[in-house]
Amino acid sequence: MRFAIGDTDFLLDGEPHRILSGAIHYFRVHPDLWADRIRKAKLMGLNTIETYVAWNAHAPSPASFSLEDGLDLGRFLDLVAEEGMHAIVRPGPYICAEWTNGGLPYWLFADGTVGVRRDEPGFLDAVQGYLEHLAPVLVPRQIDNGGPIVLVQVENEYGAYGSDPVYLRKLEAMHRAIGLTVPFTSVDQPMGTMLEDGSLPSLHKTGSFGSRSAARLARLREAQPTGPLMCSEFWDGWFDSWGEHHHTTPAAASASDLDDLLAAGGSVNIYMFHGGTNFGFTNGANDKGVYRPIATSYDYDAPLDEAGRPTEKFHAFRSVIERYAPVPPLPASMQPGGSGHLSSSGLEARVVPETDVAVRLDRVASLRSLLPALTDWSTHDTPPTFDALGAASGFVLYRTEVDLPSGGVLTVGDEVRDRAVVSVDGTVVGVLEREHHDRAIALPAVTGTLELLVEDQGRVDYGPRIGEPKGLIGGVSVDGVQLARWSASPIDLDPVPAAALDVLAAIEPTDGDVLAGPVFAAGSFDLDSADDRYLRLDGFRKGVAWVNGFCLGRYWSRGPQRTLAVPGPVLRAGRNEVVVLELHAAAARTVHLLAEPDLGHTEA
C-alpha cells in the first residue's frame, strides 16, 4: 500500500483518506494493557494511533539503548497493525509531552558543550545515533513495507522554540537517510509565525490546538496553501501540576470543536485519547518564571481515563465521529452507564474487585539506616550536579562536616533544583523549595554532619530551560563562607536496590502509627486475583511508592492527585508488597488499595 499527500487530501492507494487518530504513549501504559487501549481507540471510531518516542527512556546512558518490555516500540506498533489501524510516529528528537527533559537524554548536556535543538555537531551526532537505533523498528513497519506507519513527524512545535531552517533540513535528511519513506510532517500552534518558523516547504504543516477550530484551520491554510488540513494535536484536556487544580474540559464543548474540525474536512489526532501515567520519575516540569513539576497522573481528562475506562468524552467524541465515518458497535460493558466489568468479548481491562484492601506498613527503617545499601559515595570540592554524578533523576544526597557552634545561615549560590531536605546530625531542620525560590535556611548550632537530600522533581520539558542541570547550583555557603569537601551519592530508587529490600524484609514488624521521615515503610497484603488497583496514602505528605518492586511514582498531599494507579499486571494473586518512602511525616501507617479509582482530583 502507499500513503501520500495529495492536493486536497491524504491519499491511501490513490484514494482520499481522512486520518482519525488518537494519542497513546506506549511508555506511559503498562505493556500488558497496550492491546486493550488500542482496541478501545478503534471502538471510538479512530483508524490511527499516534505516539511520541521518548529518547531518554530508551537511552538512559550513552552506551545503552533499550527496546524491551515497556519500551518495545516494535511490539506496540505491531499491536496497532493487528487491530487493522495505522500509526503516526513522532520520534522528535524533542517531544515535550510533559515528559522529563522533553524526551532529551540528560547526558547530552552534562558537559555543557552540546547544543539544544539546534544545528550543533554534538547534538546532531547524538540524534543520528538515536535514529539509527530506531531504524530497524520503524523502517520495516512503514505502510509501503506492509506495516502500519503512515506519517512521521520531524521535531515538535519547533516554531515555539526557534527558527533554524538549516537545523530542520539536516534533521529531515537524517530521518530520510535511515530509510524512512512515508510523508513527513511538522506541527505548530497556528499563532504568530510559529507555523512558518517551525517547518520547511518539504514538511507538511499541521496544527496544534483545542478550540476555535475554524479560525485555527484558516490560519493553517494560510501557512499551508495546499494539501489536507490536519490538527495533529487536538487538545481535549490538559495536564495537571502539583499544587494546582485538576484541569478538565467539558465533553460537549470539546465534541463541538471536534465536529467543527471534521466538518471542515480536516484530519485529526486527538491528544490524548488515553494519557496513562508518569510512572517512576518520568514526569516533566514547566518553568515560566515559577517552576511547576507535573503530577504522576497523566489522565489528561481524555476520552479514556487513566484507569482505561470510557468517559463521557469518549461517547461524545464517538457520536461526532460516526457522522463522518463508520464506527464499530460497542460491547455492552462500554455502553454509557455500563458496569465496567470484564465483558465476554474481553474488551475491558479488568474485573472490578469487590472490596478495598487496607495494608499496614509495619516494617519501618529510616533512610539514614539504609544508606549503606543505597549509596556509592564520591568526594568533591563543591557539590556536583546530578548530571556530573550520572544521575538522570530521583535523589542525590550531599554531605559535609561543619563546625558551627553558633549556627549560621546556609545559602545555595544560584538555585536549588529542585527541592532539598536539610538535616544536621540526622535531624531535619527545614526544606528549600525551588518553586518558592528558596535559597537560604537558618542552621542551629552544630558540630557534625550537614546533609542535603536533593530531589529532582522533573526536568523542564518546554522552553529555554530544557537541558539544565540538577542539584545545588552555584555552591553552598554558611554566612558567606563556601563549604568545601563534599561527599555525594545518587540514590537510585527505580527500582529500589535489592540490598535495601533485603534489609526491609528482615525488619521485625512494629506497632505505632506516626512515621517520621525520611523513612521507608513496607507492608504485605494478599489478593485473590490480580486486577487494577489504586493506592491511596491518606495521612502521608510527600514521597514515592512501589508495589512488587514497580515504581508507581510520586505522591504529594498538596494534590490535586489523591491516588496512584497500580496496573493489574503489576499485582499477583497471593502475597504482594507495598513500599513507601515518606520524606517528611505520616500520621498513619495504613495505606489502601482501592478497587475503583479516585482519579485524584481536588477541584479548584
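A closer look at the packing of aromatic side chains
And then number 1: Enumeration according to the criterion identifies 25 aromatic pairs in this entry.
And then number 2: Considering the side-chain rings of Trp34 and Phe76, the 5.4 Å spacing of their centres and the 85° angle between planes classify their relative orientation as edge-to-face. Here the residue Trp34 occupies a position in helix α1 (residues 34-43), and Phe76 occupies one in helix α3 (residues 73-82), the gap between them amounting to 42 residues.
And then number 3: Taking the relative accessible area as the measure of exposure, Phe76 reaches 1% and is therefore buried.
And then number 4: Between the aromatic rings of Trp55 and Tyr130, the centroid separation amounts to 4.6 Å while the plane-to-plane angle is 10°, which identifies the pairing as stacked. Taken together, the positions of Trp55 in helix α2 (residues 55-58) and Tyr130 in helix α4 (residues 121-138) put the pair 75 residues apart, joining distant regions of the chain. Like Trp55, the residue Tyr130 is buried in the burial classification.
And then number 5: Following the ring pairs from residue to residue traces out a cluster consisting of Tyr52, Trp235, Trp238, Phe239, Tyr271, Tyr298 and Tyr300.

With respect to the sheet that holds strand β27 (residues 486-491)
And then number 1: Taken together, six strands build an open sheet; the order of strands is β16-β27-β17-β23-β20-β21 and the sheet is antiparallel. Lying at the two open borders of the sheet, with one neighbouring strand each, are β16 (378-380) and β21 (427-433). Recorded for the sheet is a direction-independent mean angle of 25° between the axes of neighbouring strands.
And then number 2: Packing against the sheet, helix α10 (residues 367-374) makes contact with β17 (394-404), β23 (446-456) and β27, and its axis sits at approximately 85° to β27.

Focus: the environment of Ala500
And then number 1: Checked against the element boundaries, Ala500 lands in helix α11 (residues 498-506).
And then number 2: In the structure, Ala500 is positioned 79 residues away from Val579 in sequence and 11 Å away in space, judged by C-alpha atoms.
And then number 3: For Ala500, the contacting residues outside a window of four places in its chain are Leu370, Ala373 and Leu374.

Topic: the packing of α3 against α4
And then number 1: Contact pair α3 / α4: the axes reach a minimum separation of 9 Å and the direction vectors enclose 30°. In this view, α3 runs roughly parallel relative to α4, as classed from their interaxial angle. Of the two elements, α3 crosses α4, and the hand of that crossing is right-handed. From α3, Leu73, Gly74 and Leu77 reach across to α4, where they touch Leu134, Val137 and Leu138.

Brief notes about the pattern of salt bridges
Two side chains bearing opposite charge may form a pair once their charged atoms approach each other closely.
And then number 1: With the rule as written, the count across this model stands at 38 salt bridges.
And then number 2: Put simply, Glu577 and Arg363 hold a salt bridge, and the shortest N to O gap is 2.8 Å. Of the two residues, Glu577 is situated in strand β34 (residues 574-582) and Arg363 in strand β15 (residues 363-366); the sequence distance between them amounts to 214 residues.
And then number 3: What makes Arg363 buried here is its relative accessible area of 10%.
And then number 4: Across the pair Arg434 and Asp418 runs a salt bridge, and its minimum N-O distance is 2.6 Å. Of this pair, Arg434 sits in the loop between β21 and β22 (440-443) while Asp418 sits in the loop between β19 (415-417) and β20 (419-424), and the two are 16 residues apart along the sequence.
And then number 5: Accessibility expressed as a relative area gives 2% for Arg434, which makes it buried.

With respect to the pairing of strand β31 (residues 542-547)
Put simply, side chains in a regular strand alternate between the two faces of the sheet.
And then number 1: Burial runs high along β31: six of the six residues are buried.
And then number 2: Side chains Lys542, Val544 and Trp546 of β31 all project onto a buried face; the interleaved residues Gly543, Ala545 and Val547 project onto the opposite face, where all are buried too.
And then number 3: With six bridges connecting them, β31 and strand β32 (residues 550-556) associate as antiparallel partners. Following the sheet pairing, Trp546 is matched in β32 by Cys551.
And then number 4: Once β31 ends, the chain turns through two residues before running back antiparallel as β32, passing Asn548 with a positive phi of about 50°.
And then number 5: Relative to β34, β31 is paired through five bridges, and the arrangement is antiparallel. What sits directly across from Trp546, in β34, is Val579.

Cut-offs and rules
Residues numbered from 1 in each chain as written. Predicted model: local features only at pLDDT ≥ 70, side-chain atom pairs only at ≥ 80, totals over all residues. Heavy atoms only, no water. Phe/Tyr/Trp six-rings, centres within 6.5 Å; stacked < 30°, edge-to-face > 60°. Helix = DSSP H or I, 4+ residues; strand = E, 2+ residues; numbered from the N terminus. Buried < 20%, exposed > 50% of the residue type's maximum accessible area, 1.4 Å probe, protein only. Pairing = 2+ DSSP bridges. Axes fitted to C-alpha atoms, helices over the stretch in contact; angles between N-to-C directions. Contact = heavy atoms within 4.5 Å. Parallel < 35°, antiparallel > 145°, perpendicular 65-115°, else oblique. Left-handed = near helix turned anticlockwise from the far one by under 90°. Salt bridge = Lys/Arg side-chain N within 4 Å of Asp/Glu carboxyl O.

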